[in-house]
Each structure stands twice: as structure tokens, then as C-alpha cells.
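# Examining the three-dimensional arrangement
Each chain, letter by letter, is given below.
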Amino acid sequence: MNAREILSAGAVVPVIAVDDIHSAVDMAHALVAGGIPTLEITLRTRHGIEAIKLIKREVKGAIVGAGTVTDAAALQAVADAGAEFAISPGLNAVFAQAAAQSPIPVIPGIATAGELMLASEYGMDTLKLFPAEAVGGRALLQALYGPFPHVKFCPTGGITPETAPDYLKLPNVLCVGGSWLTPKHLLAARDWDGITRLAKQAAALKKHTAC
């Protein structure tokens, strides 16, 4: 799958920090059961790589990727672990070169038109706007659409279930990223039905929006 196919598989990409490796597979099953197949497992915790391996092996229908990938070594590590895509919080020339040579799709984070142009120079036109709300959110995406209508986004950072629909209405937004699908209190309680309910609500957003 290419980056656009991966991001178009669901309305929301959950940004997941795995604190308990023993819950990773059940959590992923719960999300996929609710209609959210694309999962971003961040490298913010020590379990990130192992969680990618487990979910990739155990959860049918999951599209498993890595988040918080910030350098070439991490990019190679997640590819070796079986990740189907990688997402970075930012972009510089060194990382852009590594991304261009990556065996898996890379979705780099950008916050400015200049970073967008750098990504385009290396063949990447499917990007993450981060941190979305802090850098201008929907207004920035609307402004970028004029000169760069071919570029598509997954805005992430500060987006809520209430604001997600307005983002999804924009013509250059494929999906949004968010952490609200895996709240810590539901994970701690191992409330998989609760996570599936949140996933179903998120998956339904696409039915009421024009992307």
C-alpha cells in the first residue's frame, strides 16, 4: 500500500503509546473491530518496536505503522520490525534523504510551506501536519491548498472528536490523527469494548464528511 491508501483506510489514525506490551494485541483487535485499521504505534515508549511486531503478527486486518520516527536508524528498525509505514513529527534534509530510500512509505510531519516543499523535492506528497492546532490547524491547511492542491494531509496534534469533522471536510485532508481512541483509563481497565465503541464513533466520521 502507498501512503495515501494507508491514510485513506479510516477517518482517524490513532496515535498509540504502548505502556503495557501485554495489552497491545487486545487493544489493536478492539480498534480494528471498531473499523479503525490503520494504527500508528509510536516509539515514545520502550515497547514500540515489540508492539509493532506483535500486532503485525497477531491482528488480522491491522495496518501497522510506526510513529515518532526521527532518524534513519529508527526508520530502518521499524521497517525491519514489519511496520507498513512510518510517520515522523518533523522533517529535515537528512531525514528526507533517508525517507526517499526507505522500503516503506514515510509520512513526514511538516508545519510550514518550506517544509512541504522540501518533502515534495524528495517525492513525498502525503504529509502529516504537526502539531496541527498549534501551527494554525484548518486555517493553515486551507492556505496551503491554494499553492499545493496536490498535497494531502493527516493533521495531528490537539484534534478532538468535536473538531475532527471540520478537518475531514477539507479537500486536502485524508484523515486525522488523535490519541483519544486509546485513553489511559480504558487501557488500564482493559475495557476493550469501550475502545471498540470509540473506534466505531471515529470510523463513522467518514460517512458524514466529504474528503
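Look a little higher up for the structure.
Here is a short report on the structure shown in this document. The model shown is predicted, which means the values in this text are computed figures rather than measured ones.

## Some words on the nonpolar core
Val12, Leu39, Ile41, Ile55, Val78, Phe153 and Val176 are the most contacted members of the largest nonpolar core, which totals 66 residues. It is helix 2 (residues 24–33) that contributes the most residues to this core, 6 residues altogether. Filtering out sequence-adjacent residues up to four positions away, Phe153 remains in contact with Ile110, Leu116, Leu127, Lys128, Leu129, Leu141, Leu144, Asn172, Val173, Leu174 and Cys175. The next biggest cluster of nonpolar side chains, apart from the first, holds 11 residues, and it includes Ile6, Ile63, Ile87 and Ile107.

## Observations concerning helix 11 (residues 192–203)
Between the first and last C-alpha of helix 11 there are 16 Å, a value that for 12 residues agrees with the 16 Å anticipated at 1.5 Å per step. The complete set of buried residues in helix 11 reads Trp192, Gly194, Ile195, Thr196, Ala199 and Ala202. Of the surrounding secondary structure, the elements contacted by the buried residues of helix 11 are strand 1 (12–16), helix 2 and helix 10 (184–188).

## Remarks on the packing of aromatic side chains
With the rule as written, the count across this model stands at 0 aromatic pairs. Above the plane of the ring of Phe130 lies Lys128, whose end atom (NZ or CZ) is 4.5 Å from the centre.

Criteria and thresholds
- Residues numbered from 1 in each chain as written.
- Predicted model: local features only at pLDDT ≥ 70, side-chain atom pairs only at ≥ 80, totals over all residues.
- Heavy atoms only, no water.
- Core = buried A, V, L, I, M, F, W, Y, C linked by side-chain atoms within 4.5 Å.
- Buried < 20%, exposed > 50% of the residue type's maximum accessible area, 1.4 Å probe, protein only.
- Helix = DSSP H or I, 4+ residues; strand = E, 2+ residues; numbered from the N terminus.
- Contact = heavy atoms within 4.5 Å.
- Expected span 1.5 Å × (residues − 1).
- Phe/Tyr/Trp six-rings, centres within 6.5 Å; stacked < 30°, edge-to-face > 60°.
- Lys NZ or Arg CZ within 6 Å of the ring centre and 35° of its normal.

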